[in-house]
Amino acid sequence: MTQKINVQKTQNPKPKPDEKNLGFGRYFTDHMFIMDYDPEKGWHDPRIVPYGPLTLEPSTMVFHYGQAIFEGLKAYKSADGRIFLFRPDMNMKRINLSNDRMSIPPIDDKFAVEATKALVSIDRDWIPSEPGTSLYIRPFIISTDPFLGVRPSYTYKFIIILSPSGAYYPSGINPVKIMVENEYVRAVRGGTGFAKTAANYAASLKAQEIAAEQGYVQVLWLDGIERKYIEEVGSMNVFFKIGDEIVTPSLDGSILPGITRDSSIQLLKKWGYKVIERKISVQELYDAHAKGKLAEAFGTGTAAVISPIGELNWDGKIITVNDGKIGEVSARLYDAITGIQDGTVKDEFGWITVVE
Ligand code: COI
């Protein structure tokens, strides 16, 4: 059942930031979407209102037990001024995957796409057009009961905010340095690794902080049991070109099922590459490098797009991949995906949704 979205426009539009210096996730547009849940009414009262603070009691459950999920997608402006979303249906379906794991009631995923389109349309003047920029869209759900017992909340808010953004990593498309994490783990089988829940990111901060002190931009997580097999980077899934095969860790429950990951696999297969989803140990990766077979490493993510990995540090053993340069496959994927997103490459897969 599609509900009517009430719209209350701001009386005080904000000045727009400098498109050449956006960074990631620092600026927010004039409006936000909100919808509430309670057991009697279900999801109700969808509305677009001026962007601003929420008023929540200090006892609100999300502050204590972290029952929260989120998504990330982007709106792009084409050269002729049309506005595109990239596979928004996938994000909204993934919300329900995350909701289910976190005991949050499901949303109407099709309506959530409509809500996103309505919000982006209202704040269309905020979509930047400088190369490498877009309007980052952050849907999220929080538990809102004022209660301190540990149980699923009865009430929730589903909110969408928008942030004109540039590259996620300050280095842009240039290769990033990644530390393989030996001590901490991100997720275990049976845990919440596949869900896009706030807790996964909170649990990753300590390792990221230690890696950053040593000059590494992110950590590469290993499996939580044997600490042998490669999982993901947290802000992105990972791919390796070994010989003439492209290998990416299989989705075994502890890895986020990335939409850019899925899109990359589909594109690579279409181009004739052999793509294999399987377990891959960090030792196997290092052995492949020693034999001269590790041709490329890269990450995929909505925020990160395609980010080549130029250096890995595993327990002090440092390897440089592809001389620290952008590889052929990473560059081709980056061009194809960003091209489909901004309308300069034909959308053969039907991945684009137009915002009117
Ligand atoms: C995204 O790629 O959209 C993400 O959510 C990753 C990160 C910014 C947390």
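Numbers given to residues run from 1 along each chain, matching the order in which its sequence is written. For this predicted model, a pLDDT threshold of at least 70 governs which residues receive local features, and a threshold of 80 or more governs which side-chain atom pairs are given and counted, while totals over whole chains, interfaces and linings are taken from all residues. As a rule here, side-chain values come from all non-hydrogen atoms in the structure, and water together with hydrogens is ignored.

### Digging into the overall build of the chain
Where we set the bar: For the purposes of this entry, the term helix denotes a DSSP run of H or I that reaches at least four residues, the term strand denotes a run of E that reaches at least two, and both are numbered from the N terminus. The globule rule is 2.2 Å times the number of residues to the power 0.38, and the radius of gyration it is compared with is taken over C-alpha atoms. Whether a residue is buried, partly exposed or exposed follows from its accessible area with a 1.4 Å probe, protein chains only, as a fraction of its type maximum: under 20%, in between, or over 50%, in that order. Should any heavy atoms of two residues lie within 4.5 Å, those residues are considered in contact. Here the accessible surface of atoms and residues is derived via Shrake-Rupley with a 1.4 Å probe, and residues count as covered only by protein chains that are part of the display. In summary, the charge assignment counts Lys and Arg as positive and Asp and Glu as negative, without counting His or the chain termini. The atom standing in for a charge is NZ when the residue is Lys, CZ when it is Arg, CG when it is Asp and CD when it is Glu.
Helix and strand content of the chain: eight helices and 17 strands. Rg of the C-alpha trace for the chain: 21 Å, near the compact-globule value of 21 Å for 356 residues, within the 12% margin. Considering only C-alpha atoms, the chain reaches an extent of 60 × 55 × 35 Å along its principal axes. The buried share of the chain, taken over its 356 residues, is 52%. In the chain, the proportion of contacts linking residues at least 24 apart, taken out of those at least 6 apart, comes to 71%. For the chain, the exposed surface amounts to about 15,900 Å²; the carbon and sulfur share of it is 51%. On the chain, the mean spot of the 41 positive side-chain charges and the mean spot of the 44 negative ones are 1 Å from each other.

### Here's the deal with the environment of Phe 24
Here Phe 24 lies in the loop between strand E1 (6-7) and strand E2 (31-38). As for Phe 24 and Gly 190, which are separated by 166 residues in sequence, their C-alpha atoms are 32 Å apart. In this structure, Phe 24 is in contact with Tyr 136, Ser 165, Gly 166, Ala 167, Tyr 168 and Ala 303, ignoring residues within four places of it in sequence.

### So, the nonpolar core
Where we set the bar: Residues enter a nonpolar core if they are buried and are Ala, Val, Leu, Ile, Met, Phe, Trp, Tyr or Cys, with the set joined through side-chain atoms within 4.5 Å.
Phe 33, Trp 43, Ala 75, Val 120, Ile 137, Ile 141 and Phe 158 are the most contacted members of the largest nonpolar core, which totals 32 residues. Going through the elements one at a time, E2, strand E3 (42-50), strand E5 (73-77), strand E6 (83-86), helix H2 (88-101), helix H3 (109-122), strand E7 (134-143) and strand E8 (156-165) are the ones with two or more residues in this core. The element contributing the most residues to this core is H3, with six residues. With residues up to four places along the chain from it excluded, the contact list for Trp 43 reads Gln 3, Met 35, Asp 36, Tyr 37, Pro 105, Pro 106, Ile 107, Ile 141, Tyr 156, Lys 157 and Phe 158. Grouped together as the second largest cluster of nonpolar side chains are 26 residues, Val 238, Ile 242, Ala 297 and Trp 314 included.

### As for the site of the ligand
Put simply, the test is: One heavy atom within 4 Å of a molecule or strand is enough for the residue carrying it to be called near that molecule or strand. Pairs of N or O atoms are called polar contacts if they sit within 3.5 Å, as long as, within protein, a hydrogen donor faces a hydrogen acceptor (for residues adjacent in sequence, only side-chain-to-side-chain pairs). Detection works on a 1 Å grid of protein atoms alone, calling trapped sets that fit a 1.4 Å probe cavities and calling open sets with protein on both sides within 12 Å along at least five of seven lines pockets, with lining residues defined by an atom within 4 Å of a point. A pocket or cavity is taken to hold a molecule when more than half of that molecule's atoms are within 2 Å of the pocket's grid points. Amino acids are sorted into nonpolar (Ala, Val, Leu, Ile, Met, Phe, Trp, Tyr, Cys and Pro), charged (Asp, Glu, Lys and Arg) and polar (every other residue, Gly among them). An automatic or database domain assignment is the source of the domain bounds shown.
In the vicinity of the ligand, the contacting residues are Phe 70, Gly 72, Tyr 136, Arg 138, Tyr 168, Lys 196, Tyr 201, Thr 302 and Ala 303. Here an oxygen atom of the ligand sits 2.8 Å away from a polar atom, N or O, in the main chain of Ala 303. When isolated, the ligand has an accessible area of 280 Å², and the protein chains bury 90% of it. Spatially, the ligand is embedded in the largest pocket. Broken down by class, the residue content of the shell around the ligand amounts to five nonpolar, two polar and two charged. Looking at which domains feed residues into the shell around the ligand, each of domain 1 (6-166) and domain 2 (176-342) gives three or more.

### Points about the packing of H2 against H3
The test is simple: Helix axes are fitted only over the stretch in contact, all axes being lines through C-alpha atoms; the angle between N-to-C directions runs from 0 to 180 degrees. Relative orientations are named as follows: roughly parallel for angles under 35 degrees, roughly antiparallel for angles over 145 degrees, roughly perpendicular for angles from 65 to 115 degrees, and oblique for any other angle. Helix crossings get a hand from a simple test, with the near helix turned counterclockwise from the far one by less than a right angle marking a left-handed crossing and a clockwise turn marking a right-handed one.
Where H2 contacts H3, the axes come no closer than 9 Å and their chain directions differ by 130°. Between H2 and H3, the angle falls in the class oblique. Every pair of crossing elements has a handedness; the one defined by H2 and H3 is right-handed. For the pair H2 and H3, the contacting residues are Pro 88, Asp 89, Met 92, Lys 93 and Asn 96 in the first and Asp 109, Ala 112, Val 113 and Thr 116 in the second. Residue classes in the contact of H2 with H3 are distributed as four nonpolar, two polar and three charged.

### Section: the side chain of Ser 235
Within the secondary structure layout, Ser 235 lies in the loop between strand E10 (218-220) and strand E11 (237-242). Separated by 2.6 Å, the side chains of Ser 235 and Gln 218 make a polar contact. Filtering out sequence-adjacent residues up to four positions away, Ser 235 remains in contact with Tyr 168, Tyr 169, Gln 218, Gly 301 and Ala 304.

### Side note on the packing of helix H6 (residues 259-270) against helix H8 (residues 328-342)
The interhelical angle for the contact between H6 and H8, taken along N-to-C directions, is 110°, at an axis separation of 11 Å. It follows that H6 is roughly perpendicular to H8 by the angle criterion. On H8, the residues touching Thr 260, Ser 264, Leu 267 and Leu 268 of H6 are Val 329, Leu 333, Ala 336 and Ile 337. The residue makeup of the contact of H6 with H8, split by class, is six nonpolar, two polar and no charged.

### Some thoughts on the domain arrangement of the chain
To keep it simple, the criterion reads: Summed over both partners, the accessible area lost on bringing two parts together, with a 1.4 Å probe, is the buried area. Just to be clear on terms, a salt bridge is a Lys or Arg side-chain nitrogen sitting within 4 Å of an Asp or Glu carboxyl oxygen.
Each assigned domain of the chain is listed with its residue range as follows: domain 1 (6-166) and domain 2 (176-342). A separation of 27 Å is found between the C-alpha centroids of domain 1 and domain 2. Every contact between the two is made by 24 residues of domain 1 and, on the other side, 22 residues of domain 2. Where domain 1 abuts domain 2, roughly 2,000 Å² becomes buried across the two surfaces, and 63% of that area is made up of carbon and sulfur atoms. On inspection of domain 1 and its partner domain 2, the count reaches one salt bridge. Residue Asp 262 is joined to Arg 87 by a salt bridge in which the shortest nitrogen-to-oxygen separation is 2.8 Å.

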